[in-house]
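# Commentary on secondary and tertiary structure
Listed below are the residues making up each chain.
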Amino acid sequence: MTMDPDRVATARAMLEHLGLTAGDLTDSNRPAVPTVAEYLPVVIAAASPATRRTYGSFWRRMAAALGDLRIDAVRASDIEALMRQAVAGARPRRNSRNGRHAGEHLVAAARAFYNRAIADGYLTIADSPAHRVRKPRRLPNTRRALTPEELSGINAAARSGGHDIVLDALLLRLHTETACRRAGALALRLIDLDTDHALIRLREKGGTQRWQPITPMLASRLNDHARARGAVAPTDALLRYRNGQPATYRRYDLMWKRIGRQLPWVAAQGITTHWLRHTTLTWVERHFGYGVARAYAGHTDSRGPATTTYIKADLQAVATALAALTGQPHPLAVEQRGRPRPSVQPVEPPIR
């Protein structure tokens, strides 16, 4: 039976007048569809703290612009228009890429919003407008490994001024030794520090946990720092401000801004804490291979060739790489002949 275009147009006009869609007529089990503003609290409640922190501002932007629309009435062009606005209105930062990151995060936030709606049965992935919008193409990363001289200059600059050089020095040393992410460092608690075995327990993205070797010197300094600034209970934060409050992401922004004023090349290249991770992992991969670098980084994904499943390293291998990197012994390290020259200078972090 052939479709009559006039009848189809009439039917669509009638559905639009009634505020219905074809899906409302064909799927009686589908729940009543809420508006974007009505559904946003559900999405926020179901999201992890990290997801809320990353996407929260973009979700609020969606609610402000599209809040009165039912979630199945939002068009791909609406999402794309918000993406363009995010790109145009992105605040310039040291490591910004002309708003591309803001546009990418807007689309990712919209997809996360609609993934929840799909899971709740309001619509299918084919109906999702967010999944029909292409993310801005990611430009090649300009991040590179820092040279030992550059790393030494950054540490010297961090210690030469500022209102909390102790915390800044500990942050730089911690990230250089462990290649951890900022979230992993800030999540550290007193219970996550094992001074006997010189280990910290890192809790990072994706809910992963791992024990990461650090030098005994850093383990001692972290313990002294935390207790001198009021950490008592096992769940108290390890990294703390001078007033005893747990350190936050704001500390990193202030630290790198200050270092950038003293070292103009740091500001010009947009160097951030993630460059330290890149530096350490590059050194470990060059001297100890991909498997050890993967364990050192805490990567657990299974993407890539099937043989990567068998490329693994244990805690002792990571400790051995750390000992070689810093030139300091570690209780779990395996003694090796022909150990590579240390890349990190053995500068002792201050305590208080």
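Refer to the preceding data block for the structure.
Cut-off values and rules
- Residues numbered from 1 in each chain as written.
- Predicted model: local features only at pLDDT ≥ 70, side-chain atom pairs only at ≥ 80, totals over all residues.
- Heavy atoms only, no water.
- Phe/Tyr/Trp six-rings, centres within 6.5 Å; stacked < 30°, edge-to-face > 60°.
- Helix = DSSP H or I, 4+ residues; strand = E, 2+ residues; numbered from the N terminus.
- Buried < 20%, exposed > 50% of the residue type's maximum accessible area, 1.4 Å probe, protein only.
- Lys NZ or Arg CZ within 6 Å of the ring centre and 35° of its normal.
- Pairing = 2+ DSSP bridges.
- Arc of directions from axis to C-beta.
- Contact = heavy atoms within 4.5 Å.
- Axes fitted to C-alpha atoms, helices over the stretch in contact; angles between N-to-C directions.
- Parallel < 35°, antiparallel > 145°, perpendicular 65-115°, else oblique.
- Left-handed = near helix turned anticlockwise from the far one by under 90°.
- Nonpolar A, V, L, I, M, F, W, Y, C, P; charged D, E, K, R; others polar.
- Core = buried A, V, L, I, M, F, W, Y, C linked by side-chain atoms within 4.5 Å.

To continue, consider the packing of aromatic side chains. All chains considered together, the criterion is met by five aromatic pairs. Measuring from ring centre to ring centre gives 5.6 Å for Tyr39 and Phe113, while their planes differ by 85°; the resulting arrangement is edge-to-face. Separated by 74 residues along the polypeptide, Tyr39 in helix α3 (residues 36–46) and Phe113 in helix α6 (residues 100–119) bring together distant segments of the chain. Across the pair, exposure class does not vary: Tyr39 and Phe113 are buried alike. The rings of Tyr39, Phe113, Tyr114 and Tyr122 are connected pair by pair, giving a single aromatic cluster. Across the ring face of Tyr252, the terminal group of Arg182 is positioned such that the distance to the ring centre comes to 5.7 Å.

What follows deals with the pairing of strand β3 (residues 209–213). Sheet topology note: the strand β2 (residues 199–203)/β3 ladder contains five bridges and is antiparallel. Each residue of the ladder has a partner; that of Leu199, found in β3, is Pro213. Where β2 folds back onto β3 in an antiparallel hairpin, the turn is made up of five residues, including Gly206, whose phi is positive at roughly 75°.

Quick reminder: α-helices carry 3.6 residues per turn. Residues three or four places apart thus point the same way. Taken together, the buried positions of helix α7 (residues 148–158) are Glu150, Leu151, Ile154, Asn155, Ala157 and Ala158. Taken around the axis of α7, the buried residues stretch over an arc of 160°, which confines them to a single face. Among the structural elements, α8 (165–178), α11 (249–262), α12 (264–269) and α13 (273–288) are those in contact with the buried residues of α7.

Before going further, it helps to examine the side chain of Gln212. Tracing the chain through its elements places Gln212 in strand β3. Look past the residues within four positions of Gln212 in its chain and what remains in contact with it is Thr178, Ala198, Leu199, Ile200, Leu202, Ala295, Tyr296 and Val318.

The buried fraction of β2 amounts to four of the five residues, a majority that puts the element mostly inside the structure. Examined bridge by bridge, strand β1 (residues 193–194) and β2 share two bridges and lie antiparallel to one another. If you follow Leu193 over to β2, its bridge partner there is Ile200. Between β1 and the antiparallel strand that follows it, β2, lie four residues; Ala198 among them carries a positive phi value of about 55°.

Attention now moves to the packing of helix α4 (residues 49–66) against helix α5 (residues 76–89). It is at 11 Å that the axes of α4 and α5 come closest, and there the two elements cross at 120°. One way to sum up the angle between α4 and α5 is to call them oblique. Crossing geometry of α4 relative to α5 is assigned as right-handed. Of α5, the residues touching α4 (which contributes Arg61, Met62, Ala65 and Leu66) are Asp78, Ile79, Leu82, Gln85 and Ala86. Counted by class, the contact of α4 with α5 contains six nonpolar, one polar and two charged residues.

Next up on the list: the packing of α8 against helix α10 (residues 216–228). Contact pair α8 / α10: the axes reach a minimum separation of 11 Å and the direction vectors enclose 145°. As α8 runs across α10, the sense of the crossing is left-handed. Counted together, Val166, Leu167, Leu170, Arg173, Leu174 and Glu177 of α8 and Met217, Leu218, Arg221, Leu222 and His225 of α10 form the full contact between these two elements.

This part is about the sheet that holds β3. Pairing is antiparallel in the open sheet, where three strands are placed in the order β1-β2-β3. The sheet terminates laterally at β1 and β3, the two strands that pair on one side only.

Counting residues in each nonpolar core, the largest one holds 38 residues, and the members touching the most others are Ile154, Leu174, Leu222, Trp256 and Ile259. Taken together, the elements giving at least two residues each to this core come down to α7, α8, α9 (182–186), β2, α10, α11 and α13. No other element matches the six residues that α8 contributes to this core. If we skip the residues at most four places from it in the chain, Leu222 touches Leu170, Leu174, Leu193, Ile200, Ile214, Leu238 and Leu239. Of all hydrophobic cores here, the second largest spans 31 residues; its members include Ala47, Ile79, Val107 and Ala110.

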